[in-house]
Amino acid sequence: MMLVFAGFGIFAGCMNIVQEHTLNKGIGLVDALLVCLLGISILQVSKRVKRLQKEAQLFER
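Residues numbered from 1 in each chain as written. Predicted model: local features only at pLDDT ≥ 70, side-chain atom pairs only at ≥ 80, totals over all residues. Heavy atoms only, no water.

S.K.: Sorry, what's going on with the overall build of the protein here?
M.R.: Counting secondary structure elements, the protein contains two helices and zero strands. On C-alpha atoms alone, the protein measures out to a radius of gyration of 17 Å, which is more than a quarter above the 10 Å that the 2.2 N^0.38 rule sets for 61 residues. In terms of principal-axis extent, the alpha carbons of the protein reach across some 60 × 15 × 10 Å. For the protein, the proportion of its 61 residues judged to be buried stands at 11%. With an accessible surface of roughly 5400 Å², the protein has 70% of that area assigned to carbon and sulfur atoms. Charged side chains in the protein number 7 positive and 4 negative. The centres of these two groups are separated by 10 Å. (Helix = DSSP H or I, 4+ residues; strand = E, 2+ residues; numbered from the N terminus. Rg over C-alpha atoms; globule rule 2.2 N^0.38 Å. Buried < 20%, exposed > 50% of the residue type's maximum accessible area, 1.4 Å probe, protein only. Areas by Shrake-Rupley, 256 points an atom, 1.4 Å probe, with all protein chains shown as cover. Lys, Arg positive; Asp, Glu negative; His and termini not counted. Charge placed at Lys NZ, Arg CZ, Asp CG, Glu CD.)

Here it is as structure tokens:
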């Protein structure tokens, strides 16, 4: 679900960057930065979950 919101964030950020007004560009860049930070944390958590699932499978045997 967070990936869907990240996709919307990227879209909104790109739309703001394309606008001619300086404030829109600033907001778009901040939005893009926040989405990147969110994406990094999502990737870290998903890797950790996969690793923990793999460990759990080893102990079940």
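S.K.: I keep staring at the side chain of Asp 31 and nothing clicks. Help me out?
M.R.: Mapped onto the elements, Asp 31 comes out in helix H2 (residues 22-60). As a buried residue without a salt bridge, Asp 31 has its nearest oppositely charged side chain in Lys 25, at a separation of 16 Å. Once you skip the residues sitting within four places of it in the chain, Asp 31 turns out to touch Gly 9, Ala 12 and Gly 13. (Salt bridge = Lys/Arg side-chain N within 4 Å of Asp/Glu carboxyl O. Contact = heavy atoms within 4.5 Å.)

S.K.: Can you walk me through helix H1 (residues 2-18) in this structure?
M.R.: Each turn of an α-helix holds 3.6 residues, which means side chains three or four residues apart point in the same direction. The first and last C-alpha atoms of H1 sit 24 Å apart over 17 residues, in line with the 24 Å expected at 1.5 Å per residue. Among all positions of H1, only Ala 6, Gly 9 and Gly 13 are buried. One side of H1 carries all its buried residues, which in axial view fall inside an arc of 55 degrees. Opposite the buried face of H1, by more than 90 degrees, sit the exposed residues Phe 8, Phe 11 and Val 18. Buried residues along H1 sit in contact with H2. (Expected span 1.5 Å × (residues − 1). Arc of directions from axis to C-beta.)

S.K.: Could you clarify how one ought to interpret H2 in this entry?
M.R.: Given a rise of 1.5 Å per residue, 39 residues ought to cover 57 Å, and the 57 Å separating the end C-alpha atoms of H2 matches this to within 8%. Every buried residue of H2 is listed here: Gly 28, Asp 31, Val 35 and Ile 42.

S.K.: I tried to follow the environment of Lys 25 on my own but got confused; where do I start?
M.R.: For Lys 25, the location among the structural elements is in helix H2. Residues Lys 25 and Met 15 lie 10 residues apart in sequence; the distance between their C-alpha atoms is 8.9 Å. If we skip the residues at most four places from it in the chain, Lys 25 touches Asn 16, Ile 17, Gln 19 and Glu 20.

In short, the description is geometric, and any link to function would need to be established separately.
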